[in-house]
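Tertiary structure, described
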Amino acid sequence: MKYNIFDAHCDTISELVNQHKSLAENDMHIDVKRMSEYDTYTQVFAAFIDPEYKDCAMERALAIIERLYEEAKANNITVCKSYDDWKNAKTPLRAFLSMEGGEPIESLDDLHHLYDLGIRIAALTWNFKNKIACGVAEKEDTGLSDFGRDVVCEMNKIGMTVDVSHLSEKSFWDVAEITKKPIVATHSNSKVICGHIRNLTDRQFLKIKETGGVVGINFYPLFLGEDISCIREHIDRFLALGGEDNIGFGSDFDGVECLPRGISGIQDMKKILDMLPYSDEIKEKIAYKNFMRVIYEQ
């Protein structure tokens, strides 16, 4: 089979800013040298708004976004803002922009500004509460705010996908009630297989499936398990729920301090696909087609 990859979440660009390293080649989980080993490699690069930047959140987001465009230009990566951009790209390396944490969004004008800069997927929170929603780590689950409801509706309107990773349970169901478009969990796993609070219940997965959305399997051992083989366990669970069209990859590369045994970085995405005992059709859906469908449907 051909190795066409769509990875829905990494923190690489945010870490390049922090560590003053290059995307061309580095000692992190992702670089261009290793991306180039695949037929096509599409990476969603997140502008992660760490809580330490909450008082200058927009400034932080803009710095990360600017860095991605600089790296893309230097390394012949096509930054895509639509399905057509992706389909018509002349380069095998492609990127989308996402945001992890809604702190830069103080108004709907801010949301539009980020959209104009290329943000196409946005996680409303990281783990904690902000003006938009409540995060999974909060003791009191207050759900979406009134402003958050306006944000979700506007995201639907302009074509920015809502990422429910890191949301509290009530925030998740508030989003699910409002959205008219597919929702995604770019980097979350099955709570049945691994009971971490960041993972999804079967009921949550089925709701994402109902919207036409996709869940990206996260490689962080605390959410996944200690070995590469655990990836199959989470996929099997979601397949058992009828999720053939609703599973993808959301590695969380360069956003985690360790990886499971058998994975060192993107060079091992081939190993993961080779390990999966499914038909080539299902593996292609997981590898890239399911998330690209969501991009198309926005």
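Scroll up to find the structure.
Since this is a predicted model, take the numbers as computed values, not measurements. (Residues numbered from 1 in each chain as written. Predicted model: local features only at pLDDT ≥ 70, side-chain atom pairs only at ≥ 80, totals over all residues. Heavy atoms only, no water.)

Across its full length, the protein holds twelve helices and eight strands. In summary, the protein has a C-alpha radius of gyration of 17 Å against a globular reference of 19 Å for 298 residues, a match within 12%. In terms of overall dimensions, the protein has C-alpha extents of about 45 × 45 × 35 Å along its principal axes. The long-range share in the protein, meaning contacts at least 24 apart out of those at least 6 apart in sequence, stands at 70%. When the accessible surface of the protein is split by element, carbon and sulfur atoms take 48% of a total near 11,800 Å². Between the mean site of the 35 positive side-chain charges and the mean site of the 50 negative ones, the protein shows a separation of 4 Å. (Helix = DSSP H or I, 4+ residues; strand = E, 2+ residues; numbered from the N terminus. Rg over C-alpha atoms; globule rule 2.2 N^0.38 Å. Contact = heavy atoms within 4.5 Å. Areas by Shrake-Rupley, 256 points an atom, 1.4 Å probe, with all protein chains shown as cover. Lys, Arg positive; Asp, Glu negative; His and termini not counted. Charge placed at Lys NZ, Arg CZ, Asp CG, Glu CD.)

Here the focus is the packing of aromatic side chains. Two numbers describe a pair of aromatic rings. These are the distance of the centres and the angle of the planes. The full count for this structure, using the stated rule, is 13 aromatic pairs. For the pair W86 and Y288, a centre-to-centre distance of 6.3 Å together with 35° between the ring planes defines the contact as tilted. Of the two residues, W86 is situated in helix 4 (residues 83-87) and Y288 in helix 12 (residues 280-297); the sequence distance between them amounts to 202 residues. Residue Y288 is classed as buried on the basis of its relative accessible area of 16%. Ring centres of F205 and F238 lie 4.1 Å apart, and the angle between their planes is 10°; this geometry places the pair in the stacked category. Taken as a pair, F205 in helix 8 (residues 202-211) and F238 in helix 10 (residues 230-240) lie far apart in primary sequence, 33 residues in all. The class for F238 is buried, based on a relative accessible area of 0%. Ring pairs connect the aromatic residues Y83, W86, Y288 and Y296, which therefore count as one cluster. Taking NZ or CZ as reference, K270 lies 5.2 Å from the ring centre of Y38, over its face. (Phe/Tyr/Trp six-rings, centres within 6.5 Å; stacked < 30°, edge-to-face > 60°. Buried < 20%, exposed > 50% of the residue type's maximum accessible area, 1.4 Å probe, protein only. Lys NZ or Arg CZ within 6 Å of the ring centre and 35° of its normal.)

So, about the environment of A133. Among the secondary structure elements, A133 is positioned in the loop between strand 5 (119-123) and helix 6 (146-158). In this structure A133 touches L124, T125, F128, G143, L144, L167 and S171, once residues within four positions along its chain are discounted.

Below, the discussion takes up the pairing of strand 5. In terms of burial, strand 5 is largely enclosed, as five of its five residues are buried. Across four bridges, strand 4 (residues 93-100) lies against strand 5 in parallel orientation. If you follow L97 over to strand 5, its bridge partner there is I119. Taking the sense of rotation as the criterion, the β-α-β connection linking strand 4, helix 5 (residues 108-116) and strand 5 turns out right-handed. In terms of strand pairing, strand 5 meets strand 6 (residues 161-163) through three bridges, oriented parallel. By the bridge assignment for strand 6, I121 is matched with T161. In this fold, strand 5 hands off to helix 6, which returns the chain to strand 6; that crossover is right-handed. (Pairing = 2+ DSSP bridges. Right-handed = clockwise from strand over helix to strand, strands pointing away.)

Take the environment of Y53 next. Along the polypeptide, Y53 turns up in the loop between strand 2 (40-48) and helix 3 (57-74). Sequence separation of Y53 and P104 is 51 residues, and the distance between their C-alpha atoms is 9.7 Å. For Y53, the contacting residues outside a window of four places in its chain are N18 and R60.

No statement about biological role is implied by the geometric values presented.
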